[in-house]
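Examining the three-dimensional arrangement
Each chain, written out:
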Amino acid sequence: MLEEWQTSWKNGDTGRKIYNIMPSVSLRPANWIREDVIFFSQHGPFPAYLKRYLSDCDYCSCGGIGTALHYATECIYTVSWHMRKPMSNFEQEWLKRVSNNLVSRIRRIVKFISENRYLFRPP
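Residues numbered from 1 in each chain as written. Predicted model: local features only at pLDDT ≥ 70, side-chain atom pairs only at ≥ 80, totals over all residues. Heavy atoms only, no water.

Moving on: the overall build of the chain. A tally of regular secondary structure across the chain gives seven helices and zero strands. The secondary structure elements of the chain, listed N-terminal to C-terminal, are α-α-α-α-α-α-α. A burial count over the chain gives 37% of its 123 residues as buried. Intrachain contacts of the chain at a sequence separation of at least 6 include 42% that bridge at least 24 residues. Element-wise, carbon and sulfur atoms account for 52% of the exposed surface of the chain, whose accessible area totals about 8300 Å². Treating the 17 positive side-chain charges of the chain as one cloud and the 11 negative ones as another, the clouds have centres 5 Å apart. (Helix = DSSP H or I, 4+ residues; strand = E, 2+ residues; numbered from the N terminus. Buried < 20%, exposed > 50% of the residue type's maximum accessible area, 1.4 Å probe, protein only. Contact = heavy atoms within 4.5 Å. Areas by Shrake-Rupley, 256 points an atom, 1.4 Å probe, with all protein chains shown as cover. Lys, Arg positive; Asp, Glu negative; His and termini not counted. Charge placed at Lys NZ, Arg CZ, Asp CG, Glu CD.)

Below you can see the structure in the form of structure tokens.
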């Protein structure tokens, strides 16, 4: 059953952002909370995601493209929780490392964005 699940996960079309962080299935829980899932799946209050369904614009009100990585590394509204931005060729490794950090700033960033969505709407 695990082999079947792994094959399905490996060859699937959905969940590729999570697959890049967790390529192996497991019966052990990942210890992720809601904010972790929102950040790593990038399905949440991010303009770059919401543009797919609800908006015409993928910009943050600070002028940058409103992705999860933008808020974690460069948005002026989340500067208190910034992490060092990875070089593009190391982004997946950076995401894996951050996902294993249970006291990550990611949770605080996502909670702040969720509670203050009006700040992040484009001008």
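Scanning the model with the defined rule gives four salt bridges in all. In this structure, arginine 107 engages aspartate 36 in a salt bridge whose closest nitrogen and oxygen atoms are separated by 2.7 Å. Placement of the pair is arginine 107 in helix α7 (residues 106–115) and aspartate 36 in helix α3 (residues 34–41), with a sequence separation of 71 residues. An identical accessibility class is assigned to arginine 107 and aspartate 36; each is buried. Residue arginine 97 is joined to glutamate 93 by a salt bridge in which the shortest nitrogen-to-oxygen separation is 3.5 Å. Within this pair, arginine 97 and its partner glutamate 93 are both found in helix α6 (residues 91–99), separated by four residues, close to a single helical turn. When its relative accessible area of 37% is taken as the criterion, glutamate 93 is described as partly exposed. (Salt bridge = Lys/Arg side-chain N within 4 Å of Asp/Glu carboxyl O.)

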